[in-house]
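What follows is each chain in one-letter form.
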Amino acid sequence: MIQVFAHRGASGMYPENSLSAISAALEVGVHGIELDVQSCRDDYAIIHDTWLDRTTNGKGMVKNASRVELNKLDAGNGEGIPTLQDVFNLVGKQADINLELKHTYSLDKFVNYIEKNVQEGIIERSQLILSSFDHHQLAWLKQKLPWVKIGALTASIPLHYAEFAQRLHAYSIHIDKNFINHEFVQDAKQRGLKIYTYTVDKQQDIEQVLEMGVNGIFSNYPCHAKMVINKW
Ligand code: G3P
Ligand code: CA
């Protein structure tokens, strides 16, 4: 079964990385939800950019604002910026959660945050995939959380990609749809890696990556993506 991850939630229809975008994705019955995580002054916030300006009515850098300040902003539809805890509480065990670490600091604190939610039964270990373009960060996280699935995030196919994935103990490779081909996808799958590709919205693009044999896609329109996959 091809897995659909709602990219920043159902962000084609709702504000990206918002609780409403996540709720909409859950209603569609997605396999998983991809979200961007950043450190703010006293917590972890769900927002893509380092700066507040593009997606909210606030100004300045995310890292300088507190959780309470971020929650008071309008990040679309009058919603504030959620914290990671808001996300765990909302999603619970309903779908997989792919956290893409953007500018995420104090990783010890982040690891404790994850462990606490697992121990309290709010989420399950098997639901979580951690990804980042910062592969040093991923390697560190895998040491601290050996059970966690690592999504090796990359734009194009790295040279010696099998070694790259092996060194990260990657579960999956998350790769830009514009850089993949049939041979790569098949070879990676034979090596036991899952191939998830981003960001795939148009029917033609979805069908093209399905032909290549990908395991899953990230889409801003998960409802549409699921319909295309079901008809394929
Ligand atoms: O995780 C896949 C994709 O979201 C990476 O790029 O810029 O959309 O966070 P970006
Ligand atoms: Ca992302």
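Throughout what follows, the structure given in this document is the object of discussion. (Residues numbered from 1 in each chain as written. Chains lettered and ligands numbered in written order. Predicted model: local features only at pLDDT ≥ 70, side-chain atom pairs only at ≥ 80, totals over all residues.)

We now examine unusual backbone geometry. In this model, Arg 8 sits at a positive phi of 60°, which is unusual for a non-glycine residue. Given 27 C-beta atoms within 10 Å, Arg 8 falls into the buried group. We note that His 169 has phi near 55°; this positive angle belongs to a residue other than glycine. As for its position among the elements, His 169 is in the loop between helix H6 (161-168) and strand S7 (172-176). (Buried ≥ 20, exposed ≤ 12 C-beta atoms within 10 Å, placed from the backbone. Helix = DSSP H or I, 4+ residues; strand = E, 2+ residues; numbered from the N terminus.)

Another aspect to go through is the pairing of strand S9 (residues 216-219). Burial along S9 is two-sided: Gly 216 and Phe 218 facing one way and Ile 217 and Ser 219 facing the other are all buried. Pairing analysis gives four bridges linking strand S1 (residues 3-7) to S9, with the strands arranged parallel. Bridge pairing in S9 places Phe 5 opposite Phe 218. Judged from the two bridges that link them, strand S8 (residues 194-198) and S9 form a sheet pairing that is parallel. Of the residues in S9, the one forming a bridge with Tyr 196 is Gly 216. Handedness of the crossover joining S8 and S9 through helix H8 (residues 203-212) is recorded here as right-handed. (Pairing = 2+ DSSP bridges. Right-handed = clockwise from strand over helix to strand, strands pointing away.)

Turning our attention to the environment of Ser 132. With respect to the element layout, Ser 132 can be found in strand S5 (residues 128-132). The spacing of Ser 132 and Ile 97 is 35 residues in sequence and 14 Å in space, taken between C-alpha atoms. Apart from residues lying up to four places away in sequence, Ser 132 is in contact with Glu 100, Leu 101, Gln 137, Leu 138 and Leu 153. (Contact = placed C-beta atoms within 7 Å.)

As a further point, take the site of ligand 1. Close to ligand 1 lie His 7, Glu 34, Asp 36, His 48, Glu 100, Ser 131, Leu 153, His 174, Tyr 198 and Phe 218. Here the shell around ligand 1 is composed, by residue class, of three nonpolar, four polar and three charged. (Near = placed C-beta within 6 Å. Nonpolar A, V, L, I, M, F, W, Y, C, P; charged D, E, K, R; others polar.)

Moving on to the packing of helix H1 (residues 19-28) against helix H3 (residues 84-91). Interhelical geometry of H1 versus H3 gives an angle of 25° and a closest axis separation of 11 Å. Taken together, the axes of H1 and H3 lie roughly parallel to each other. For the crossing formed where H1 meets H3, the hand is right-handed. Contact residues: Leu 19, Ile 22, Ser 23 and Leu 26 in H1; Asp 86, Val 87, Leu 90 and Val 91 in H3. Among the residues forming the contact of H1 with H3, the class breakdown is six nonpolar, one polar and one charged. (Axes fitted to C-alpha atoms, helices over the stretch in contact; angles between N-to-C directions. Parallel < 35°, antiparallel > 145°, perpendicular 65-115°, else oblique. Left-handed = near helix turned anticlockwise from the far one by under 90°.)

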